[in-house]
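Architecture and fold: a report
Chain residues, written in single-letter form:
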Amino acid sequence: MNVIQVAISPTQASKDAGRPALTPELLAASGARYSRNNEGLDAILSKIDPENPDKSVDSIFRMLDYGHQSIADMAPVAMFIDGISLWLAYYVWSLCPTASGQESSTRYINYSAKEAVPPADLGITGSHSNAWRALISECYDGYAAALELWQGLVDQDPALMRLPAELVKDSSDKAQKKLARMKRNYAFDRARYFLPVSAPTNVMLLMSARAWTSLIQHLLSYPLPEAQELGKKIREELALTAPRLVKHATVKTSLEQGIAAEIDQVRQLSLKWDRQYLLNETNEAHPPTTFVETFAPQEMTADASRDLQFHDNRYAWIGPGLRRTAVRFGWQAVAMAELRDLNRHRTGSKWCPLIPRGFYCAADQLPDKKHSESLAKLATIGRRAAAASRALLECGDPAYIYWTMLGTQYHFEHTTTADKFLYEAELRTGTGAHYRYAKHLHDALEIWYQQYPETKELVLEGSAEPE
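Overview of the structure. (Residues numbered from 1 in each chain as written. Predicted model: local features only at pLDDT ≥ 70, side-chain atom pairs only at ≥ 80, totals over all residues. Heavy atoms only, no water.)

**With respect to the sheet that holds strand β5 (residues 290-295)**
- Strands sit in the order β5-β6-β8-β7 across an open sheet of 4 strands; the sheet is antiparallel. A strand with exactly one partner marks an edge of an open sheet, and here the two such strands are β5 and β7 (349-351). Each adjacent strand pair in this sheet contributes to an overall mean axis angle of 15°, direction not counted.
- Where β5 lies against strand β6 (residues 326-335), 6 bridges are found, and the strand directions are antiparallel. By the bridge assignment for β6, Thr 294 is matched with Val 327.
- Running at roughly 40° to β5, helix α18 (residues 435-451) makes contact with β5 and β6 of the sheet. (Pairing = 2+ DSSP bridges. Helix = DSSP H or I, 4+ residues; strand = E, 2+ residues; numbered from the N terminus. Axes fitted to C-alpha atoms, helices over the stretch in contact; angles between N-to-C directions. Contact = heavy atoms within 4.5 Å.)

What follows is the structure, given as structure tokens:
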């Protein structure tokens, strides 16, 4: 695991124009003066010693009695996080949905190296360690076999990919390279369900010192050593760029107690939920079972189409009625592979009790029974992993999550407003969208249309792949 804070330097054009360049803390402190003084930026900067920015920050902070949070909110910080598990990256994004950033994509990267975060770093010790290593080896063997299966299918029948006709006919070198890339991505997309969530990934995040402080508090208060170690490393890096703003970046008793209580609630819930798909002898995954609930303002017009009359792309105008309509939607079983992106939508509140409910391995994408039988044999790895993980959860082991795979399914729901729901539905069914996201959102839109049929021709629903 490695965390590196990256400073942002001015462009040459900014330098040539004589624009000021401030450290994150000095930027925050200068902005803080605006709430108590109308002297303007030039006057504030005239008090700053360019040779000693730290002293300037201290002088401003001494004159101001501002809350830590409001100042930290104005200090932008970028960090690159390398070598954390896929699960920890998911957890980080669940805590920072409004952050700007990126993560290494399992849809475009071949995970053939069979890497995993060491078990001791994950809190897996003793006799569990050898069993876990054996499972990880099986997961990667399954991934390699699934990747070979999907690559072979695409080579035999490229029509499975729904490729644009003009691209197939194009014999140019550029077109052929694009076709090769699309074939690889198609196979990665469907084989990735066998990857263990302990596989390493890299994340880049850009957010305020305040958001970093909140993230650190949650990580340090989480019972797993990988999360705590990441919290410590981020805190060290944050101190390089905003040393006066990290005093609150510590373990919080309230968070420790709340997180522990929530994990126990998930454990109790697991004892009540069904198990029929955990060790299903068929290749059947737990059905998604989509739900969409809406709550419109009382005075909203019955014709929701009026709010979409100028909606010509997913970023375009949506009227106030839909912006005020509350929506709660989700699925009873979504694979972690999809959750990693569904979780990153910026708006609203998500709830995902991490209780394994089954295993999805893209069997519904296969063209014939012969290949389905091959994949069914591989799927036993995922079902056994889900069952083992759930048993550990119910015994109170917080490291249970590291026994799961990207195909492990969970309940997921998202509460937001109708305009944001429609944006997500249009995004996740648009060109280049992952086929499984599209399936989930197509299903959600079908329920939406039952409630608001007048919007069917106005919602810009797409057909997903290819990209």
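There is more to say, and it comes next.
**Considering the side chain of Arg 357**
- With respect to the element layout, Arg 357 can be found in the loop between β7 and α16 (369-394).
- Within the local environment of Arg 357, its side chain forms a polar contact with the backbone oxygen of Gln 332, the two atoms lying 3.1 Å apart.
- Discounting chain neighbours no more than four positions away, the residues touching Arg 357 are Trp 273, Asp 274, Tyr 277, Leu 278, His 286, Gln 332, Arg 390, Gln 409, Tyr 410 and His 411. (Polar contact = N/O pair within 3.5 Å; in protein donor to acceptor, adjacent residues only side chain to side chain.)

**What to know about helix α12 (residues 225-241)**
- Taking 1.5 Å per residue, 17 residues should reach 24 Å; α12 reaches 25 Å between its end C-alpha atoms and fits that length.
- All buried positions along α12 are accounted for by Glu 226, Ala 227, Leu 230, Gly 231, Ile 234, Glu 237, Leu 238 and Thr 241. Buried residues of α12, viewed axially, fall in a sector of 135°; they line one side. Turned more than 90 degrees off the buried face of α12, the exposed positions are Glu 236 and Leu 240.
- Buried residues in α12 make contact with β1 (2-6), α2 (24-32), β2 (76-85), α6 (86-95), α7 (119-122) and α11 (209-220). (Expected span 1.5 Å × (residues − 1). Buried < 20%, exposed > 50% of the residue type's maximum accessible area, 1.4 Å probe, protein only. Arc of directions from axis to C-beta.)

**Remarks on the side chain of Ser 85**
- Along the chain, the position of Ser 85 falls in strand β2.
- One polar contact links the side chain of Ser 85 to the main-chain amide nitrogen of Leu 88, over a distance of 3.0 Å.
- When sequence neighbours within four positions are dropped, the list of residues in contact with Ser 85 reads Val 117, Val 197, Ser 198, Ala 199, Pro 200, Thr 201, Glu 226 and Tyr 402.

**Structural notes on unusual backbone geometry**
- In the Ramachandran plot, Lys 114 falls in the positive-phi region, its phi being about 60° despite a non-glycine side chain.
- Inspection of the secondary structure puts Lys 114 in the loop between β3 (100-103) and α7.
- Exposure remark for Lys 114: the relative accessible area of 45% places this residue in the partly exposed category.

**Quick notes on the packing of α11 against α12**
- Axis separation between α11 and α12 bottoms out at 7 Å; the angle between their running directions is 150°. In terms of orientation, α11 and α12 fall into the roughly antiparallel class. Note on packing geometry: the crossing formed by α11 with α12 is left-handed. Where α11 approaches α12, its residues Ala 209, Trp 212, Thr 213, Leu 215, Ile 216, Leu 219 and Leu 220 are matched on the opposing element by Ala 227, Gln 228, Leu 230, Gly 231, Lys 232, Ile 234, Arg 235 and Leu 238.
- Class assignment for the residues of the contact of α11 with α12 results in 10 nonpolar, 3 polar and 2 charged. (Parallel < 35°, antiparallel > 145°, perpendicular 65-115°, else oblique. Left-handed = near helix turned anticlockwise from the far one by under 90°. Nonpolar A, V, L, I, M, F, W, Y, C, P; charged D, E, K, R; others polar.)

Taken by themselves, the reported measurements are silent on function.
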